[in-house]
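# Understanding the architecture of this molecule
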Amino acid sequence: MTAAAQQFIAPLTFAALTGHKVITDLWTPEGSDPGDASSAIEHIDAAQSTDALVVAPATADILAKFAHGIADDFLTTMYLATTAPVIVAPAMNANMWNHAATQANLEILANRHVRIVAPESGYLACGMVGAGRLAENRGIVDTVLSVLLHRNDLAGETVLITAGGTREALDPVRFLGNRSSGKMGYAMAEAAQRRGARVILVSAPTALRAPANVEVVPVVTTQQMRDAVLGRLDQASIVIKAAAVADYRPRSQADQKMRRKGPLTLELEPTEDILAAVVEQRRPGMLVVGFAAETEDVLAHGRDKLLRKGADAIVLNDVSREGVGFDSDRNAVTFLTRDRAIELPELTKRELADQILDEILTLRSPRKEVLSESDPDLSMSLGEQG
Ligand code: CTP
């Protein structure tokens, strides 16, 4: 704890709540022998045994000291001594945050690969409203995990993911929708981001929080989803269509709320198939993966869909199974390609997302070999398998 931190919380409280030793002083930790040399080099020990240095909240002062290499207390000394990744979550008055000095310091830190969890806007302790409020715990934890669990095997990829269920309005207050919660698509987005990809998440309405460091494009209707996806297709190297897209929309939409007067027949028209359009416009090397939720003859419908849509793979959900699928945090799927059907076991959607990404990446390796000209026989035989 820095001297400033101790103005807010007593070290003893912090130690009691965390169950960990609290270091406050560079020189003599409370109660230790002043002649004990080990205390003086504690910051070096701490710096070397640390997996990540997280400063939350980080004041304007600490950002300035980190940026300029000032080492005048335990924390600032440890910052210089550690080679572990550093994550700061700034919190301060909005004017202090916006000040050119603070912004210049942040730029220096970002260029040195310090991860900055941007503050949020809202009411600040000083009574002002603006940017400077400490990010939510969830965002800070996400960033720490993404730094620590970095697998980086998707670095250089741009993954375009659709999620959620599209809605087609009947009138200003009603829509045709479906039971998709968006959880699987959001889990895919989080997993891909953690593995180093740039992630664009085109999301129909959900109750979920966007994963950290993912570009979210909110949409409502199938038409909007189509425009959002096709408009960004040239940036994508992998397209994952986890959204439950409405197959039909009302032919017309009432301007005013529809009143109840006896039986009603709705006339529907088909929406455009986004996946088919993606396959049609794909660039060489782009991987396209669809999802399918089926209730009967799961494998047969899945195979049919794979061939009909021309995707590289279909992630097949049997939504008639208890405890998995819609709105559940768990799922079990079959990863279906033209020549394989891989059963992935029941797992949390987040765990499953990584397994699905593993399978997607195996689609890419033979593809690279096909492109290599070093072994024409191999290229031909792989090419023939499709
Ligand atoms: N999909 C799409 N655009 C649509 C409908 C579906 O892009 N208008 C995508 C979904 O995002 C999913 C895949 O196609 O990745 C399969 O969706 P599904 O609704 O199961 O397929 P349908 O084309 O509706 O086939 P069917 O009606 O035979 O079930």
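Because the structure is a prediction, the values reported are computed rather than measured. (Residues numbered from 1 in each chain as written. Predicted model: local features only at pLDDT ≥ 70, side-chain atom pairs only at ≥ 80, totals over all residues. Heavy atoms only, no water.)

### Focus on the packing of aromatic side chains
Across all of its chains, the model carries 1 aromatic pair by this definition. Measuring from ring centre to ring centre gives 3.9 Å for phenylalanine 66 and tyrosine 79, while their planes differ by 10°; the resulting arrangement is stacked. Highlighted residues: phenylalanine 66 in helix H5 (residues 60-68) and tyrosine 79 in helix H6 (residues 74-81), separated in sequence by 13 residues. Take tyrosine 79: its relative accessible area is 11%, and that puts it in the buried class. (Phe/Tyr/Trp six-rings, centres within 6.5 Å; stacked < 30°, edge-to-face > 60°. Helix = DSSP H or I, 4+ residues; strand = E, 2+ residues; numbered from the N terminus. Buried < 20%, exposed > 50% of the residue type's maximum accessible area, 1.4 Å probe, protein only.)

### Section: the sheet that holds strand E3 (residues 115-116)
Each strand in a sheet pairs with another by means of backbone hydrogen bonds, the pair being arranged parallel or else antiparallel. An order of E1-E2-E3 is seen for the 3 strands of this open sheet, with the pairing classed as parallel. The open sheet has two free edges, formed respectively by strand E1 (53-58) and E3, since each of these has just one partner strand. Where E1 and strand E2 (residues 86-90) come together, 4 bridges link them in parallel fashion. Considered in E2, the bridge of leucine 53 is made with valine 86. The sheet contacts of H5 involve E1 and E2, and relative to E1 the element is tilted by about 140°. (Pairing = 2+ DSSP bridges. Contact = heavy atoms within 4.5 Å. Axes fitted to C-alpha atoms, helices over the stretch in contact; angles between N-to-C directions.)

### Quick notes on a nonpolar patch on the surface
Together, Val141, Leu145, Leu148 and Leu149 make up a nonpolar patch on the protein surface, roughly 330 Å² of accessible area in all. Here leucine 148 shows up in helix H9 (residues 137-148). Of the residues examined, leucine 148 reaches a relative accessible area of 43% and is grouped as partly exposed. (Patch = residues over 30% accessible without salt bridge, like charges linked within 9 Å, V, L, I, M, F, W, Y side chains within 5 Å. Areas by Shrake-Rupley, 256 points an atom, 1.4 Å probe, with all protein chains shown as cover. Salt bridge = Lys/Arg side-chain N within 4 Å of Asp/Glu carboxyl O.)

### A few points about the domain arrangement of the protein
Under the domain assignment used here, the protein contains domain 1 (5-148) and domain 2 (158-384). When each unit is reduced to the centre of its C-alpha atoms, the spacing between domain 1 and domain 2 is 40 Å. Between domain 1 and domain 2, the buried area comes to about 600 Å², and carbon and sulfur atoms account for 38% of it. A per-residue breakdown of the area domain 1 buries against domain 2 is headed by Arg138, Asp142 and Ser146, which together make up 62% of the total. At the junction of domain 1 and domain 2, the tally comes to 2 salt bridges. Scanning the region where domain 1 abuts domain 2 turns up 2 residue pairs in polar contact (both at pLDDT 80 or more). Among the elements that line the side of domain 1 that touches domain 2, the one with the most residues is H9, at 5 residues. (Domains from an automatic or database assignment. Buried area = accessible area lost by both parts, 1.4 Å probe. Polar contact = N/O pair within 3.5 Å; in protein donor to acceptor, adjacent residues only side chain to side chain.)

### Considerations on H5
Because each turn of an α-helix spans 3.6 residues, side chains separated by three or four positions in sequence point in the same direction. Those residues of H5 not exposed but buried are Ala60, Ile62, Leu63, Lys65, Phe66 and Ala67. If you follow the buried residues of H5, they end up packed against E1, H6, E2, helix H7 (94-98) and helix H8 (100-111). Directly beyond the C-terminal end of H5, a positive phi value near 70° is found at glycine 69.

### What about the environment of arginine 209?
Among the structural elements, arginine 209 can be located in the loop between strand E9 (198-203) and strand E10 (215-218). On a C-alpha basis, the gap between arginine 209 and glycine 139 in space is 9.9 Å, while along the polypeptide they are 70 residues apart. Discounting residues that sit within four places of it in the chain, arginine 209 has contacts with Glu120, Glu136, Arg138 and Tyr186.

### Regarding the site of the ligand
Among the 15 residues in the neighbourhood of the ligand, the closest are listed as Lys241, Asp247, Leu275, Lys305 and Lys309. Leucine 275 places a polar main-chain atom, nitrogen or oxygen, 2.7 Å from an oxygen atom of the ligand. For the ligand, whose unbound accessible area comes to 570 Å², protein coverage reaches 79%. Looking at the shell around the ligand, the elements with two or more residues in it are helix H12 (274-281), strand E14 (287-294) and helix H13 (298-309). For the shell around the ligand, a count of residues per class yields 6 nonpolar, 2 polar and 7 charged. (Near = heavy atom within 4 Å. Nonpolar A, V, L, I, M, F, W, Y, C, P; charged D, E, K, R; others polar.)

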